[in-house]
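# Summary of structural features
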2 protein chains.
Amino acid sequence: MAVTIKDVANLAGVSPATVSRVINNSSLVKEETAEKVNEAIDKLNYQINESARVLRTNCSSLIGVIGAGMDNPFLMKLLKGVEASAKAHGFNLIFGDSEGELEQELKYLNILNQRRVDGLIIITASIYNNLLDEIKSKGIPAVFASGYVNDNEIPCISVNNTRAAEDVIDYLYDLGHRKFGIIRGTYSDLVTSGERIKGVKSSFQKHQIDFNSVPIYEGDFSFESGSVAAKKILSDNPETTAIFCFDDKMAIGAIRGAEELGYNIPEDLSIVGFDDIELSSYVKPALTTIHQSGYDMGYQAMEFLNKIIDGEDPGKLKEFLPHELKIRESSGTPPT
Amino acid sequence: MAVTIKDVANLAGVSPATVSRVINNSSLVKEETAEKVNEAIDKLNYQINESARVLRTNCSSLIGVIGAGMDNPFLMKLLKGVEASAKAHGFNLIFGDSEGELEQELKYLNILNQRRVDGLIIITASIYNNLLDEIKSKGIPAVFASGYVNDNEIPCISVNNTRAAEDVIDYLYDLGHRKFGIIRGTYSDLVTSGERIKGVKSSFQKHQIDFNSVPIYEGDFSFESGSVAAKKILSDNPETTAIFCFDDKMAIGAIRGAEELGYNIPEDLSIVGFDDIELSSYVKPALTTIHQSGYDMGYQAMEFLNKIIDGEDPGKLKEFLPHELKIRESSGTPPT
DNA sequence: TTGTAGGCGTTATCAA
DNA sequence: TTGATAACGCCTACAA
């Protein structure tokens, strides 16, 4: 059907082996021969059959990406970073969105394994031990991005979520806030949200605020959930002067929700987000938030993975990228 | 190395052919045998080698997606729609972002062809004839999503961009606006922006507005470009009362840009976007915009592609999904 | 520097 | 209902 290495060989008057050598830039082929072969390739419009190559070499140049809820601007940037690095190293991306469900993740893991991906990038909020075990048992090189993985075999690259959250509460405390509300990610998100909760706790401890007295509500990283949660916090705890949301979209939702209840931001209430998605500078009031670079994170995760695949020493297993508190208009001193 | 069909066959005491039949749910295998085989599969933790299967069957269950600038909320939703339908039909997605550059697109096309993808979904704003020719010459089933393709062999699914743009201008005209500004996509985007420009023209004609007198500026679908373009339009043409942006992000940027110049929206200036991304309801003022469903578009594009791959009659080649003008807070009657 | 031949793991054909 | 066998297209010893 399609034109194969044999057809090229016939036309060029050489053996298939020689054609294969030309394709793979083997140095031990006469320049003259190579030219003949390349002409034949052009003339026949030959396209290599990757499946055959993968079958033979056992190396697919394919990176599997498993993500949870990729219609999230931060994760999308991360994916772009992964892609940029992958492209530079000659990898293609094969991709599945698990929506954070373990079952889906395991299913994709199987599929990607069957396609013999050379490596795995995992971008999920909740990291299940089940998933870790499966990955390890299959022996596929994997790097987690954005979430810290509490396992000393599996590398991950993220921001120091604990420290970042601590920075937020410290900042708000220094402004004079004493009554806080928290809108975290889903409870299944033990990783990212879990780390951030730790940071919140640690700052509270430092400032002798009772963690258990602080209302913590769950959101699902959507505008709507932020709005709903903020309204609940404010009606249940009218004395609240600052809300920390674990994601910019929820924070923007929270601003709208609070405004619907008649609050002015930041005069009556400070709201802080997390991620610094592009939008956050363009909403009104502009959002105070923790900046982290999804693109860099994705890029570096893929660079790291590439080193593992190449058998190089990738350096330390857990890497923190810098974060930065961006103070904008949605936060200020508490009302007196 | 890895466990193969042969190992399973040995353990189960049958031939490789039988194992293959069990894997593929062939009906002509005794239930008893199938059970034995399945046990062996479980025991050995056998995972099929897809490359071998693809090589043999010439069918990869892989859909190639070429997108331009996927860190765009609308396109991201579209991709999710594609994925949902692909999953339902047993396809996996392999994915490349061309950033709208023809060279990249052709390169990805080659790569995807070499991986023997069963079909192609193309989500690009600019559609180059070169690309169309290559796709046709390779004979890979392809569906374009979001952009109308002016070619009577290649199917596409989109919104009626011309009609939608006309709706916007009609609406603004009816409100009393006479001095317009337009922020279009890049000039290389002949498709989507081109179609919308046609609609604008057609409404202008209907209302006897001179198209050539209307300032049209180019943006790149970013917040920033919308802000910059709006400021230029307003300082060059202070009499402008309404700006139509070909994308919500640019529209939101335009709102901020105009505000920086001291305009109140919508009292002094109406701004209308296109897409209705989730965010548009949450900005302030909430954005008047054309709603189109990226998810549906992606889903239906993939459904369409699946039919072509299956050899079914997919129905008409060009499909328009419904659009709707969502009137929110960013538009109103012009200042008197 | 080039060619020959065998095998990667499946599936499809044919025969039993 | 099952098994033997060949073939898919490529790469890689090994031999020439």
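Per-chain numbering applies: the sequence of each chain, read as written, is numbered from 1 onward. Whichever chain is written first becomes A and whichever ligand is written first becomes 1, with later ones labelled in order. Only residues with pLDDT of at least 70 are given local features in this predicted model, and only at 80 or more are side-chain atom pairs given and counted; all residues enter the totals for whole chains, interfaces and linings. As a convention, hydrogens and water are excluded, and side-chain values are obtained from all of the structure's heavy atoms.

### Here we look at the overall build of chain A
- Comment: elements are numbered from the N terminus, with helices defined as DSSP H or I runs of at least four residues and strands as E runs of at least two. Helix and strand counts for chain A come out as 12 helices and 12 strands.
- Throughout, radius of gyration means the C-alpha value; the globule benchmark is 2.2 Å times the number of residues raised to the power 0.38. Here the C-alpha radius of gyration of chain A, 25 Å, is well above what a compact globule of 336 residues would show, namely 20 Å.
- Principal-axis analysis of the C-alpha atoms gives chain A an extent of 90 × 40 × 30 Å.
- Counting every position in chain A, which comprises 336 residues, the buried fraction comes to 57%.
- Residues are treated as being in contact if the distance between any of their heavy atoms lies within 4.5 Å. Of all intrachain contacts in chain A linking residues separated by at least 6 positions in sequence, the fraction that spans at least 24 positions is 72%. Three exposure classes are used, based on accessible area relative to the maximum for each residue type with a 1.4 Å probe and protein chains only: buried under 20%, partly exposed in between, and exposed over 50%.

### Here's the deal with the domain arrangement of chain A
All names here are of chain A.
- Segmentation into domains, and thus their bounds, comes from an automatic or database assignment. According to the domain assignment, chain A consists of domain 1 (5-55), domain 2 (62-158 + 294-321) and domain 3 (161-292).
- Here the C-alpha centre of domain 3 lies 28 Å away from the C-alpha centre of domain 2.
- Residue-level contacts link 13 residues of domain 2 with 11 residues of domain 3.
- Defined in terms of a 1.4 Å probe, buried area is the accessible area two parts forfeit on being brought together, summed over both. Here domain 2 meets domain 3 over a buried area of about 990 Å², counting both sides, of which 54% is carbon and sulfur.
- When the area that domain 2 buries against domain 3 is broken down by residue, the three leading residues are Phe74, Ala125 and Tyr148, summing to 40%.
- One speaks of a salt bridge when a side-chain nitrogen belonging to Lys or Arg is within 4 Å of a carboxyl oxygen belonging to Asp or Glu. The interface formed by domain 2 and domain 3 holds zero salt bridges in total.
- Think of a polar contact as two N or O atoms within 3.5 Å of one another; within protein, one of them needs to be a possible hydrogen donor and the other a possible acceptor, and neighboring residues in sequence only count if both atoms come from side chains. For the interface between domain 2 and domain 3, the tally reads one residue pair in polar contact (both at pLDDT 80 or more).

### Some words on the interface of chain A and chain B
- In this complex, chain A contributes 53 residues to the contact, which on the side of chain B involves 53 residues.
- When chain A packs against chain B, the two sides together hide about 4800 Å² of surface, and 49% of this comes from carbon and sulfur.
- Per-residue buried area on chain A facing chain B is highest for Gln47, Arg115 and Tyr282 of chain A; these three make up 16% of the total on that side.
- On inspection of chain A and its partner chain B, the count reaches 12 salt bridges.
- Notably, a salt bridge pairs Asp97 of chain A with Lys80 of chain B, separated by 3.2 Å at the nearest N-O pair.
- Listing elements by their share of the side of chain A that touches chain B, those giving two or more residues are helix H4 (50-57), helix H5 (73-88), strand S2 (92-97), helix H6 (102-114), helix H10 (223-236) and helix H11 (248-260) of chain A.
- Looking at which element gives the most residues to the side of chain A that touches chain B, the answer is H6 of chain A, with seven residues.
- The residue makeup of the side of chain A that touches chain B, split by class, is 20 nonpolar, 15 polar and 18 charged. Polar here means any residue outside two lists: the nonpolar Ala, Val, Leu, Ile, Met, Phe, Trp, Tyr, Cys and Pro, and the charged Asp, Glu, Lys and Arg; Gly therefore counts as polar.

### What about the sheet that holds strand S9 (residues 270-275) of chain A?
Residues and elements named next belong to chain A.
- Only strands joined by at least two bridges in the DSSP assignment are considered to pair. Pairing is mixed across the open sheet formed by six strands, whose spatial order is S7-S6-S8-S9-S10-S12. On the outer flanks of this sheet lie strand S7 (216-218) and strand S12 (324-326), each paired with one strand and no other. The mean angle between the axes of side-by-side strands here comes to 20°, regardless of whether they run parallel or antiparallel.
- In this sheet, strand S8 (residues 242-245) lies alongside strand S6 (residues 180-184) in parallel orientation, the contact comprising four bridges. Residue pairing across strands places Ile182 opposite Phe244, the latter belonging to S8.
- Angles shown run from 0 to 180 degrees and are taken between the N-to-C directions of axes, each axis being a line fitted to C-alpha atoms and, for helices, limited to the stretch in contact. Against the sheet, helix H9 (residues 192-206) contacts S6, S7, S8 and S9, and its axis sits at roughly 165° relative to S6.

### Remarks on the protein's contact with DNA strand D
- It suffices for a single heavy atom of a residue to lie within 4 Å of a molecule or strand for the residue to be listed as near it. Around DNA strand D sit 24 residues in total, of which Tyr46 and Arg56 of chain A together with Thr18, Arg21 and Thr33 of chain B are the nearest.
- Among atoms of DNA strand D positioned within 4 Å of the protein, sugar and phosphate together represent 63%.
- For DNA strand D, a phosphate oxygen lies 3.3 Å from a polar atom in the backbone of Asn49 of chain A.
- A distance of 3.1 Å separates a base nitrogen of DNA strand D from a polar side-chain atom of Arg56 of chain B.
- Looking at the surface near DNA strand D, the elements with two or more residues in it are helix H2 (16-23) and H4 of chain A together with helix H2 (16-23) and helix H4 (50-57) of chain B.
- The element that contributes the greatest number of residues to the surface near DNA strand D is H4 of chain A, accounting for four residues.
- Among the residues forming the surface near DNA strand D, the class breakdown is 10 nonpolar, eight polar and six charged.

### Looking at helix H10 (residues 223-236) of chain B
Residues and elements named next belong to chain B.
- Multiplying one less than the number of residues by 1.5 Å gives the expected span of a helix. Here H10 is 14 residues long and its end C-alpha atoms lie 20 Å apart, about the 20 Å a rise of 1.5 Å per residue gives.
- Inspection of H10 places Phe223, Ser225, Gly226, Ser227, Ala229, Ala230, Ile233 and Leu234 among the buried residues, and these make up the whole buried set.
- Lining the buried residues of H10 we find strand S6 (180-184), strand S7 (216-218), strand S8 (242-245) and helix H11 (248-260).

### Things to note about the environment of Phe144 of chain B
All names here are of chain B.
- Counting through the fold element by element, Phe144 comes out in strand S4 (residues 142-145).
- Each C-alpha atom of the pair Phe144 and Ser222 lies 23 Å from the other, and the pair is 78 residues apart in sequence.
- In this view, Phe144 contacts Ile122, Thr124, Ile127, Leu132, Ile135, Val149, Ile154, Pro155, Cys156 and Ile157; residues no more than four positions away in its chain are not counted.

### Side note on the nonpolar core
- One finds Ile121, Phe244 and Ile271 of chain A together with Ile121, Phe244 and Ile271 of chain B to be the most contacted residues of the largest nonpolar core, which totals 140 residues.
- Non-local contacts of Ile271 of chain A, meaning those with residues more than four positions away in its chain, are made with Ile243, Cys245, Ala251, Ala254, Ile255, Ile265, Leu287, Thr288, Ser330 and Ser331 of chain A.
- For the purposes of this section, nonpolar cores are sets of buried Ala, Val, Leu, Ile, Met, Phe, Trp, Tyr and Cys residues that join through side-chain atoms within 4.5 Å. Formed by 41 residues, the second largest nonpolar core is a distinct cluster that contains Leu109 and Ala142 of chain A together with Leu131 and Leu132 of chain B.

### Overview of the sheet that holds strand S5 (residues 156-159) of chain B
- The strand order S11(A)-S5(A)-S4(A)-S3(A)-S1(A)-S2(A)-S2(B)-S1(B)-S3(B)-S4(B)-S5(B)-S11(B) describes an open sheet built from 12 strands, whose pairing is mixed. The open sheet has two edge strands, strand S11 (318-321) of chain A together with strand S11 (318-321) of chain B, and neither has a second partner. Strand-to-strand twist across the sheet, computed as the mean angle between neighbouring axes with direction ignored, equals 25°.
- Taken together, the three bridges between S2 of chain A and strand S2 (residues 92-97) of chain B define a ladder with antiparallel strand orientation. Residue pairing for S2 of chain B: Ile94 of chain A is matched across the bridge by Ile94 of chain B.
- Across the sheet, H6 of chain A touches strand S1 (62-67), S2 and strand S3 (119-123) of chain A together with S2 of chain B, and the angle it forms with S1 of chain A is around 175°.

### Observations regarding the relation of the copies chain A and chain B
- Overlaid copies result from least-squares superposition on C-alpha atoms, with residues included only where pLDDT is at least 70 in both. Mapping chain A onto chain B calls for a screw motion: a turn of 180° about the axis and a shift of 0.1 Å along it, with 0.1 Å RMSD after fitting. As the rotation angle and translation indicate, the two copies are arranged about a two-fold axis.
- Most of the interface of chain A is mirrored in chain B: 100% of its interface residues are interface residues there too.

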